[in-house]
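Here are the chains, one letter per residue:
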Amino acid sequence: MSIAEVLAAQPVLRTPRLTLVQHGPEYLDDVMVALQDAEAMKLTGTRTEFIREQVLAHLERLVGADDRADFAILDASGAYLGEIVLNDLDHDNLAMNYRIGLASSGVRGQGYGTEAGRAVVEWGFDAVGLHRISLDVFSFNPGAQRSYEKIGFVVEGRARDAMLWDGEWVDSILMSMLATDPRP
């Protein structure tokens, strides 16, 4: 199977506490609530105000996409906890970007992001056939950086003063993981 075919046939991933399923329009209400969480917007550097119709159109495009994988993160009861994404496919270099957004402050800090991240990274390397997965994290989000390090990402560099947030400059930290790196 090609990378595009594997991405388009995105599977359900299971961990001890979570189920990761194809993200799509059935999670619109949950996504809209998550997009109102000011802390989550800050941690991801998101300033955009989202309109329901735009979010719905985005979610509708995800199902069967052959250039990205968007998973809804669900707990054991089926409650929506957030999303985890591999996007920006660089087919020639077998590389993708990693992104995660947990839906509320009540979800963050409980290890869900690390658990979901390990499953998605493993799938990205072993099933998709990626060589490199990279991400950026803002310096005011040390909890996320620790989570990424537990997954196996390593710091590659720092873009100084990459974003102006509430009148203060914030650095962006570049991290990556290679298929050949040890996995914790």
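Chains are numbered independently. Their residues run from 1 in the order of the written sequence. Reporting in this predicted model follows two pLDDT cut-offs: at least 70 for local features of residues, and 80 or more for side-chain atom pairs to be given and counted; totals over whole chains, interfaces and linings ignore these cut-offs and use all residues. Only hydrogens and water are set aside; all other atoms, that is, all heavy atoms of the structure, feed into the side-chain values.

## Notes on unusual backbone geometry
Next, step 1: For aspartate 88, which is not glycine, the phi dihedral falls at a positive 55°.
Next, step 2: Where helices and strands are cited, they refer to DSSP runs of H or I of at least four residues and of E of at least two residues respectively, numbered from the N terminus. Looking at where aspartate 88 falls in the secondary structure, it is placed in strand 4 (residues 80-90).
Next, step 3: Here the phi dihedral of aspartate 166 falls at roughly 50°; this positive angle occurs in a residue that is not glycine.
Next, step 4: Structurally, aspartate 166 can be placed in the loop between strand 7 (154-165) and strand 8 (168-178).
Next, step 5: Exposure categories follow from relative accessible area, calculated using a 1.4 Å probe and restricted to protein chains: below 20% of the type maximum is buried, above 50% is exposed, and the middle band is partly exposed. We classify aspartate 166 as exposed; its relative accessible area is 69%.

## Some remarks on the pairing of strand 4
Next, step 1: Within strand 4, eight of the eleven residues are buried, leaving the element largely enclosed by the surrounding structure.
Next, step 2: Two strands make a pair as long as DSSP finds a minimum of two bridges between them. Bridge count between strand 3 (residues 69-74) and strand 4: six bridges; the pairing is antiparallel. The residue bridging aspartate 70 from the neighbouring strand is valine 85, located in strand 4.
Next, step 3: Bridge analysis of strand 4 against strand 5 (residues 95-102) gives seven bridges, and the strand direction is antiparallel. Following the sheet pairing, asparagine 87 is matched in strand 5 by asparagine 97.
Next, step 4: Hairpin connection between strand 4 and strand 5: a loop of four residues separates the two successive antiparallel strands, and leucine 94 in this loop has a positive phi of roughly 50°.

## As for the packing of aromatic side chains
Next, step 1: Ring pairs shown here join Phe, Tyr and Trp side chains whose ring centres sit within 6.5 Å, with only the six-membered ring taken for Trp; geometry is labelled stacked below 30 degrees between planes, edge-to-face above 60, and tilted in between. On inspection of all chains with the given rule, the structure shows seven aromatic pairs.
Next, step 2: Note on phenylalanine 138 and phenylalanine 140: the rings are 5.9 Å apart at their centroids and 45° apart in plane angle, and the pair reads as tilted.
Next, step 3: The exposure class of phenylalanine 140 is partly exposed, given its relative accessible area of 23%.
Next, step 4: Of the aromatic side chains, those joined through ring pairs into one cluster are Tyr98, Tyr148 and Phe153.
Next, step 5: Cation over ring: lysine 42 sits above phenylalanine 140, and NZ or CZ is 4.9 Å from the ring centre. A ring has a charge above it when a Lys NZ or an Arg CZ is no more than 6 Å from the ring centre and no more than 35 degrees off the ring normal.

## Considering the side chain of arginine 68
Next, step 1: Structurally, arginine 68 can be placed in the loop between helix 4 (52-62) and strand 3.
Next, step 2: Under this definition, polar contacts are N or O atom pairs within 3.5 Å; protein pairs additionally need one hydrogen-donor-capable and one acceptor-capable atom, and for neighbouring residues in sequence, both atoms have to be side-chain atoms. One polar contact links arginine 68 to aspartate 70, side chain to side chain, over a distance of 2.6 Å.

## Examining the layout of surface pockets
Next, step 1: Only protein atoms enter the 1 Å grid, on which a cavity is a set of points fitting a 1.4 Å probe that cannot get out and a pocket is an open set with protein on both sides within 12 Å along at least 5 of 7 lines, lining residues being those with an atom within 4 Å of a point. Grid points are joined across faces, edges and corners, and a volume is the space filled by probe spheres set on the points. Quantified by volume, the largest pocket comes out at close to 1200 Å³.
Next, step 2: Along its surface, the largest pocket is lined by 44 residues, and Thr44, Arg99, Ile100, Gly101 and Leu102 are the ones closest to its centre.
Next, step 3: Tallied by class, residues from the lining of the largest pocket come to 21 nonpolar, 16 polar and seven charged.
Next, step 4: In this structure, the second largest pocket occupies an estimated 200 Å³ of space.
Next, step 5: In terms of lining residues, the second largest pocket is bounded by Leu35, Gln36, Asp37, Ala38, Met41, Thr46, Arg47, Thr48, Glu49, Phe50 and Trp165.
Next, step 6: Residue type decides the class: Asp, Glu, Lys and Arg count as charged, Ala, Val, Leu, Ile, Met, Phe, Trp, Tyr, Cys and Pro as nonpolar, and the leftover types, Gly among them, as polar. Taken together, the residues of the lining of the second largest pocket sort by class into five nonpolar, three polar and three charged.

## Observations regarding the sheet that holds strand 6 (residues 132-138)
Next, step 1: Pairing is mixed across the open sheet formed by eight strands, whose spatial order is 1-2-3-4-5-6-8-7. The strands lining the two open edges of the sheet, one partner per strand, are strand 1 (13-14) and strand 7.
Next, step 2: Where strand 1 meets strand 2 (residues 19-22), two bridges bridge the pair, whose relative direction is antiparallel. Bridge pairing in strand 2 links leucine 13 to leucine 20.
Next, step 3: Strands in contact with helix 5 (residues 112-128) are strand 1, strand 2, strand 3, strand 4, strand 5, strand 6 and strand 8; relative to strand 4, the strand with the most contacts, it is inclined by about 30°. Residues are treated as being in contact if the distance between any of their heavy atoms lies within 4.5 Å. For helices, the axis comes from a line fit to the C-alpha atoms of the stretch in contact; other axes are also lines fit to C-alpha atoms, and the angle between any two N-to-C directions lies between 0 and 180 degrees.

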